[in-house]
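Reading the structure
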Amino acid sequence: MKAAVWYGEKDIRIEERELKALKDNEVTVRVAWAGICGSDLHEYQEGPVFVPTEKEDQLTGQVAPLIMGHEFAGIIEKVGSQVTKFKVGDRVAINPTLTFGNKPEDIDQYDGFSFIGLHGDGGFTTFANAPESNVYLLPETLSLQEGALVEPTAVAVQAIKEGGLQFGDTTAIFGAGPIGLVTVIAAKAAGASKIIVLDLSETRLEKAKELGATHVVNSGKENPVEAIRAIVPEGVDVSFEVAGVAPTFTQAIASTKARGTMVIVSIFARPIEWNPLQLTNTGVKITSSIAYTPTSFQQTVDLMGTGQLNPQSIVTSQIQLDDIVEKGFEALTKDKTQVKILVELSGEK
């Protein structure tokens, strides 16, 4: 089967791969659509970040080269002998997070995690295997294309929960990339009264307004902290760092009210230098969020199914697998009008 395989930095190849043997507790999914994530882009631009290159991953047993893609949905093609919850023909989205499962779900991923598509073979291909516990049935109200958006939307849902955002709270979101934009959608659904989005791209800021931002700030033209405090003088209740660079890290803290919360959602590709006195002098609490719990993933499916979360408009391009490097990864690197690019595999609805 044809697949997009990661070999190294700026080295993703379209080649033929064999699907691994199906385990008793797994299903084989005929992939319909798969999204390119910011984490995938990090691996392309400057990896390895997550991809195991020297020794086999402890949960997947794999090492690079491996098939990328962890935001995907499709139709079950085959079920293992121990699978009881699903049948051939079911329309499903995949939760790519693998854990040991030894802890309560709210801390389970912090006991060690791996990702289908980053630590082991994923969904940029024709067929993909996944454990039954990582498979989620899609309601009839959701298309398979929307199913490919469940994973990034679940990241935002988990981040909103982590920040403790409540009805009427004010928030600032630093970064209007795919995760920043779904965080806008989730913050609006959670009842935020003011949603301030900051980015360097006017196109992405316009998209943020379409999705529910009440205010947008071009941080290349205005002082971000001053702009936020002109809107919310005491600082926002909760800020979200979704850009992954040193300036936005300190700006997010500085724009948060005393004893407020700043949530790190982004993946930082490299260490930053920062003075913790910024916290000592303000009492701002920093927390972080990686991925989502199984409960949050299911809630995301449910909320998307009822229309309470609708991330479909973040999709800016649909491409073929053969074009994933030039029209996918390179486009996201060079063209800031691109937000979420979906790769068509079977293209089923």
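Cut-offs used in this document
- Residues numbered from 1 in each chain as written.
- Predicted model: local features only at pLDDT ≥ 70, side-chain atom pairs only at ≥ 80, totals over all residues.
- Heavy atoms only, no water.
- UniProt positions renumbered as here; feature names shortened; annotations may be inferred.
- Helix = DSSP H or I, 4+ residues; strand = E, 2+ residues; numbered from the N terminus.
- Rg over C-alpha atoms; globule rule 2.2 N^0.38 Å.
- Buried < 20%, exposed > 50% of the residue type's maximum accessible area, 1.4 Å probe, protein only.
- Contact = heavy atoms within 4.5 Å.
- Areas by Shrake-Rupley, 256 points an atom, 1.4 Å probe, with all protein chains shown as cover.
- Lys, Arg positive; Asp, Glu negative; His and termini not counted.
- Charge placed at Lys NZ, Arg CZ, Asp CG, Glu CD.
- Core = buried A, V, L, I, M, F, W, Y, C linked by side-chain atoms within 4.5 Å.
- Pairing = 2+ DSSP bridges.
- Phe/Tyr/Trp six-rings, centres within 6.5 Å; stacked < 30°, edge-to-face > 60°.
- Lys NZ or Arg CZ within 6 Å of the ring centre and 35° of its normal.
- Polar contact = N/O pair within 3.5 Å; in protein donor to acceptor, adjacent residues only side chain to side chain.
- Salt bridge = Lys/Arg side-chain N within 4 Å of Asp/Glu carboxyl O.

Named according to an unreviewed UniProt entry, the protein chain is Butanediol dehydrogenase originating from Planococcus antarcticus DSM 14505. Heading Cofactor (unreviewed entry) of the UniProt record for the protein chain holds this comment: "Zn(2+)". Under Sequence similarities (unreviewed entry), UniProt gives the following word-for-word description of the protein chain: "Belongs to the zinc-containing alcohol dehydrogenase family."

Okay, the overall build of the protein chain next. From N to C terminus, the protein chain includes eleven helices and 18 strands. Compactness check: the protein chain gives a C-alpha radius of gyration of 20 Å against a globular reference of 20 Å for 349 residues, within 12% of the reference. By its C-alpha atoms, the protein chain is 60 × 40 × 35 Å across when sized along the principal axes. In the protein chain, which comprises 349 residues, the share counted as buried stands at 56%. In the protein chain, the share of contacts with a sequence separation of at least 24, taken over all contacts with a separation of at least 6, comes to 71%. Accessible area for the protein chain stands at about 14,600 Å²; split by element, carbon and sulfur atoms hold 49% of it. Taking the average place of the 30 positive charges on the side chains of the protein chain and the average place of its 45 negative ones, the gap between the two points comes to 3 Å.

The tendency in soluble globular proteins is for nonpolar side chains to be buried as a group. Among the nonpolar cores identified, the biggest contains 89 residues, and I36, F124, V197, F240, I324 and F329 are the most heavily contacted of them. It is helix 5 (residues 178-190) that contributes the most residues to this core, eight residues altogether. Leaving out residues up to four positions away in the same chain, I36 has contacts with E71, F124, I319, I324, G328, F329, L332, K340, I341 and V343.

This part takes up the sheet that holds strand 2 (residues 11-16). Read from one edge of the open sheet, three strands run 2-1-4, paired in antiparallel fashion. Edge positions in the sheet fall to strand 2 and strand 4 (66-67), since each of these pairs with one other strand and no more. In the sheet, strand 1 (residues 2-8) pairs with strand 2 via six bridges, with the strands oriented antiparallel. Paired with W6 across the bridge in strand 2 is I12.

By the definition in use, this model includes seven aromatic pairs. Taking the centre distance of 5.2 Å and the plane angle of 85° together, the rings of F249 and W274 count as edge-to-face. On the criterion of sequence distance, the pair formed by F249 in helix 8 (residues 246-254) and W274 in the loop between strand 15 (256-264) and helix 9 (277-280) is long-range, its members being 25 residues apart. Three or more aromatic residues link up through ring pairs in this structure, and these residues are F50, F113 and F115. Positioned above the aromatic ring of Y7 is the side chain of R13, whose terminal nitrogen or guanidinium carbon lies 3.6 Å from the ring centre.

Right, let's talk about the side chain of T300 for a bit. Its location among the elements puts T300 in helix 10 (residues 294-306). Within polar-contact distance, the side chain of T300 engages the backbone oxygen of S296 at 2.7 Å. Excluding residues that lie within four positions of it along the chain, T300 makes contacts with V150, T153, A154 and V157.

So, about the pattern of salt bridges. Tallying each qualifying case throughout the model produces 15 salt bridges. For E46, the salt bridge goes to R270, with nearest N and O atoms at 3.3 Å. Of this pair, E46 sits in helix 1 (residues 38-46) while R270 sits in the loop between strand 15 and helix 9, placing them 224 residues apart in sequence. Between K257 and D237 there is a salt bridge, with its nearest N and O atoms 2.7 Å apart.

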